[in-house]
Amino acid sequence: MTRMTPLLERNEQFASTYTPVALGPPTTQMLIVTCLDHRVDPAIVLGLRIGEAPVIRNAGGRVTQAVIDDIAYIAFLAEQLFGGQDADDRLFEVAVIHHTQCGTSLVADPSFRHQAAEATGLPETALAASAVADPHITIQADVERLLTSPRLSPKVSVSGHVYDIATGHLTTAVDARHP
Ligand SMILES: [Zn+2]
């Protein structure tokens, strides 16, 4: 018996009615970038099912270099495997989602940030850059960062959204556009 035991039982339940899905383009033609917060699971909040959309999650749902690298690779893969299937030659839309009450906002406080840097070995600047104090501000910055990255395929569009923990509502803050 470990803490994993109840989750393994849930997996047994899941597998008992499971039908595998073949590798193919994500059926929603979306890719989601969001926070790792366990209250913001896109499968639940957006009702995503298997095969519908890849999801990249990190602290804050920030558009870091690592996220840009992943999106560049997924765009390459999509084009290689499924390119030319879409009439307008578009690959997918990236929806970046930031949320209210984000745990990363704690590092906006300088003394908390200093403590966190000492304990984790992460540079204070990196911690500060990850903070989502106001998701309406950071979502604008991150959509812009992705759209202006030279690594972003012109066949990928980007939109920005804010998820409200208090109400469960997702609101579009930046409409989808191409680089
Ligand atoms: Zn968060």
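In this text, all values refer to a predicted model and were calculated from it rather than measured experimentally.

Regarding its fold elements, the chain presents six helices and five strands. Listing the helices and strands of the chain from first to last along the sequence gives α-β-α-β-α-β-α-α-α-β-β. With the C-alpha coordinates of the chain rotated into their principal frame, the extents come out at 50 × 50 × 35 Å. Here the chain, with 179 residues, has 37% of them falling under the buried criterion. Expressed as a percentage of contacts within the chain between residues at least 6 apart in sequence, the contacts between residues at least 24 apart total 65%. Accessible surface, the chain as shown: approximately 10,700 Å² in total, 57% of it carbon and sulfur. Positive and negative charge centroids in the chain, built from 12 and 20 side chains respectively, lie 2 Å apart.

For the rest of this paragraph, the subject is the sheet that holds strand β4 (residues 156-163). With mixed pairing, the five strands of this open sheet are ordered in space as β2-β1-β3-β4-β5. Edge positions in the open sheet fall to β2 (55-58) and β5 (170-177), since each of these has one partner strand only. When strand polarity is set aside, the average angle formed by the axes of neighbouring strands in this sheet is 20 degrees. Where strand β3 (residues 92-99) and β4 come together, eight bridges link them in parallel fashion. The partner of H99 across the bridge, within β4, is Y163.

Let's shift gears to the coordination of the zinc ion. Bound to the zinc ion are the protein donor atoms C35 (SG), H99 (NE2) and C102 (SG), situated 2.0 to 2.2 Å from the metal. When the donors of the zinc ion are listed by position in the chain, the intervening gaps give C-x63-H-x2-C. Of this pair, C35 sits in strand β1 (residues 30-35) while C102 sits in the loop between β3 and α4 (110-120), and the two are 67 residues apart along the sequence. The two residues C35 and C102 agree in class, both being buried.

This part is about the side chain of T34. For T34, the position within the fold is in strand β1. Look at T34 and you get buried, because its relative accessible area is 1%. Within the structure, T34 has its side chain in polar contact with the backbone oxygen of I97 (distance 3.2 Å). What T34 contacts, discounting residues up to four positions off in sequence, is V40, P42, I56, R57, N58, G61 and I97.

With that settled, consider the pairing of β4. With eight of eight residues buried, β4 is to be regarded as a mostly interior element. Judged by which residues are buried, β4 turns out to be covered on both faces: V156, V158, G160 and V162 on one side and S157, S159, H161 and Y163 on the other are all buried. Direction of pairing for β4 relative to β5: antiparallel, over a ladder of five bridges. The residue of β5 that forms the bridge with Y163 is L170. Where β4 hands over to β5, the hairpin turn is made up of six residues, of which G168 adopts a positive phi near 80 degrees.

Parameters and conventions
- Residues numbered from 1 in each chain as written.
- Predicted model: local features only at pLDDT ≥ 70, side-chain atom pairs only at ≥ 80, totals over all residues.
- Heavy atoms only, no water.
- Helix = DSSP H or I, 4+ residues; strand = E, 2+ residues; numbered from the N terminus.
- Buried < 20%, exposed > 50% of the residue type's maximum accessible area, 1.4 Å probe, protein only.
- Contact = heavy atoms within 4.5 Å.
- Areas by Shrake-Rupley, 256 points an atom, 1.4 Å probe, with all protein chains shown as cover.
- Lys, Arg positive; Asp, Glu negative; His and termini not counted.
- Charge placed at Lys NZ, Arg CZ, Asp CG, Glu CD.
- Pairing = 2+ DSSP bridges.
- Axes fitted to C-alpha atoms, helices over the stretch in contact; angles between N-to-C directions.
- Donors = N, O, S within 2.8 Å, 3.2 Å for Na, K, Ca; no water.
- Polar contact = N/O pair within 3.5 Å; in protein donor to acceptor, adjacent residues only side chain to side chain.

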